[in-house]
Amino acid sequence: MRNSFQIWINAVCEQVRFRPDHRSIELELRDHYEDHVQDLLRLGRPRELAEERALEAMGNAQEVGRALDKVHKPWLGWLWEVSRVLVLALALLLAWKLWKDTYTVSLTKKTWDQLMWTSPPFGVSYAATDYLDLWLAPGEPEFYAGTYWDDPLPGETRLQVPLTVWAQTEDVFHEHLVSPDQHWNLEVTADGRPIPHGSYAGDGSTRNSGYWVYDGPGQYGWTRYRFRILLILEEPPRRAEVTIPRTGTVLTAEWEGAA
Amino acid sequence: MRHWSRGRKTVRNFLLSILLVFLLYASQGFPPYTVEGMCRRVRNDYLLGELEPLYVQRDWRRYSGNQSVRYTTVAARSGETYVIFRYRDSLLGSRRDWRCPEPVFGEGAVCTKHEGAIYAAGPFGEAASAVAVVRAQKNPEPNGRMQSREFTLEGERLADQVFAFPYEVGGHYMEDEDVDPADLTLPELVDWWYREPVPSGDGTVYSWAEAELPCTVTLYGEAGEVLETFELSLTASDIRSWW
């Protein structure tokens, strides 16, 4: 009788065109069949009779097969298989990228910085380019403590004066907004005097003044950025100007009551 | 657990795939896939106006380990500003090529070197032909003697506003200072003349000065008359680099 059931199952599966489902169909039908056999055995029927009745109750193999074929449509079956493989492959690729690829940006950090971006205070200098809105605010001068690149000199008397820049755009198709000193060729002046980029001169000596674009407590979101420009000066400034020559954009910072 | 039909699960998986593709794209920093996308990226990063692509070149380069990489070199203009930049292409989008990550800008015209040729972009539409003259100059010797050599390179038109000036690359690393400069190719001469022994080294270790080499591009008309001359420049490290 078990062979009869296998013949019946095979006849059902022959009607189902989506072959990858044959195994699960067989398991499901077998469960039904065996449950029925068990019920009949509990009612006291001999095993052979129970199996014969259970098989009869399963119905005509061709009809059952055709009905199952309508449910297990090949196009839907293959689409389902493809979708499973696709999700798995993409998930693995993303995991690998996030784990291994040095180019991969930190999704969480960028998203966090985007959401936690603090707006510029009211009244600070503002300018707009075709692509960016920019704000500049002056910070308090303090004794020079060194940057990540440039250490204080022995007997240091210079000041460091932070300028905070906020930049906001409307799309995410950019890459280097975080390196404005290199890509925008910023021109910085303090009280009309040009301040060169960096405080190392070309011959390796240290200049008395310079500016650094300093990430410090920066925020680098998807469309919102905040970073610092650190002026290294001998005296506290009254007014500083940051110019982006390519766009003619000028931002100013002024200190009230400075000498 | 709620039982979903195969159709619904398929729809769910495709929606999940779209989300994963977006996350993958975002994790790469929304890289460009098209030349227009690359131009847009450069325009945004460098705060330029609208960039119009003038010439696009795709190169395949084979590296060790049978790895092939495709590069896209683009010459474009934004008003009077000309720019040449290069991206490295991959399935997950193109990235600025790490070997020349900074686009080269020029007002009125621009030139840069790329794999055995100088590429110049500018208002060259009227020209029937073009010639570039690159001048290499050795640092003055203690006796005040100056040595220089000019390389005259014939232009090949690549696009309406772009010419390439191929030059001989050679492969000779200079160790013998008695060699005649006239026998050397442009990269060999630059390699030799623009190097200096590292002060702390034993005389065999060199560094190369960040010098600029004048590159004069002259445009000629149909009758061979000079139409215009552009004074451009290249850096010694550009010429020396093998890419």
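Quick caveat: nothing in here was measured; it's all calculated off a predicted structure.

Calculation notes
- Residues numbered from 1 in each chain as written.
- Chains lettered and ligands numbered in written order.
- Predicted model: local features only at pLDDT ≥ 70, side-chain atom pairs only at ≥ 80, totals over all residues.
- Heavy atoms only, no water.
- Helix = DSSP H or I, 4+ residues; strand = E, 2+ residues; numbered from the N terminus.
- Rg over C-alpha atoms; globule rule 2.2 N^0.38 Å.
- Buried < 20%, exposed > 50% of the residue type's maximum accessible area, 1.4 Å probe, protein only.
- Contact = heavy atoms within 4.5 Å.
- Areas by Shrake-Rupley, 256 points an atom, 1.4 Å probe, with all protein chains shown as cover.
- Lys, Arg positive; Asp, Glu negative; His and termini not counted.
- Charge placed at Lys NZ, Arg CZ, Asp CG, Glu CD.
- Salt bridge = Lys/Arg side-chain N within 4 Å of Asp/Glu carboxyl O.
- Pairing = 2+ DSSP bridges.
- Axes fitted to C-alpha atoms, helices over the stretch in contact; angles between N-to-C directions.

Undergrad: I'd like a rundown of the overall build of chain B, residues and numbers included.
TA: The number of helices and strands found in chain B is four helices and 15 strands. The C-alpha radius of gyration of chain B comes to 23 Å, more than 25% above the 18 Å expected for a compact globule of 243 residues. Taking the principal axes of the C-alpha coordinates as reference, chain B spans close to 90 × 55 × 30 Å. Classification of the 243 residues of chain B by burial places 49% in the buried group. Of all intrachain contacts in chain B linking residues separated by at least 6 positions in sequence, the fraction that spans at least 24 positions is 49%. Carbon and sulfur atoms make up 53% of the accessible area of chain B, which amounts to about 12,400 Å² in all. Separation of charge centres in chain B, based on 26 positive and 35 negative side chains, amounts to 19 Å.

Undergrad: Tell me about the pattern of salt bridges, residues and numbers included.
TA: Residues and elements named next belong to chain A. Inspection of the entire model under this criterion finds 18 salt bridges over all chains. In this structure, the salt-bridge partner of arginine 17 is aspartate 69, at a minimum N-O distance of 3.0 Å. Taken together, the residues arginine 17 in the loop between helix 1 (2–15) and helix 2 (22–42) and aspartate 69 in helix 4 (residues 61–71) connect sequence positions 52 residues apart. On the accessibility criterion, arginine 17 (58% relative accessible area) is exposed. One network of salt bridges, in which partners are shared, links Arg239, Glu241 and Glu254.

Undergrad: Give me the sheet that holds strand 7 (residues 117–121) of chain B: which residues, what numbers.
TA: In any sheet, the strands associate via hydrogen bonds between backbone groups, in a parallel or an antiparallel arrangement. All names here are of chain B. Spatially, four strands are ordered 6-7-11-10 in an open sheet, and the strand pairing comes out antiparallel. Among the strands making up the open sheet, the edge pair consists of strand 6 (110–113) and strand 10 (156–159). Within this sheet the neighbouring strands show an average axis-to-axis angle of 25°, counted without direction. As paired elements, strand 10 and strand 11 (residues 162–166) share three bridges and run antiparallel to each other. Paired with alanine 159 across the strands is valine 162, a residue of strand 11.

Undergrad: Describe in detail helix 3 (residues 186–193) of chain B, supporting the description with residues and values.
TA: All names here are of chain B. Among the eight residues of helix 3, eight are classified as buried, and the element is accordingly described as predominantly covered. Buried within helix 3 we find Leu186, Pro187, Glu188, Leu189, Val190, Asp191, Trp192 and Trp193. As for helix 3, its buried residues are in contact with strand 8 (129–138), strand 9 (147–154), strand 12 (195–197), strand 13 (206–208), strand 14 (212–220) and helix 4 (236–240).

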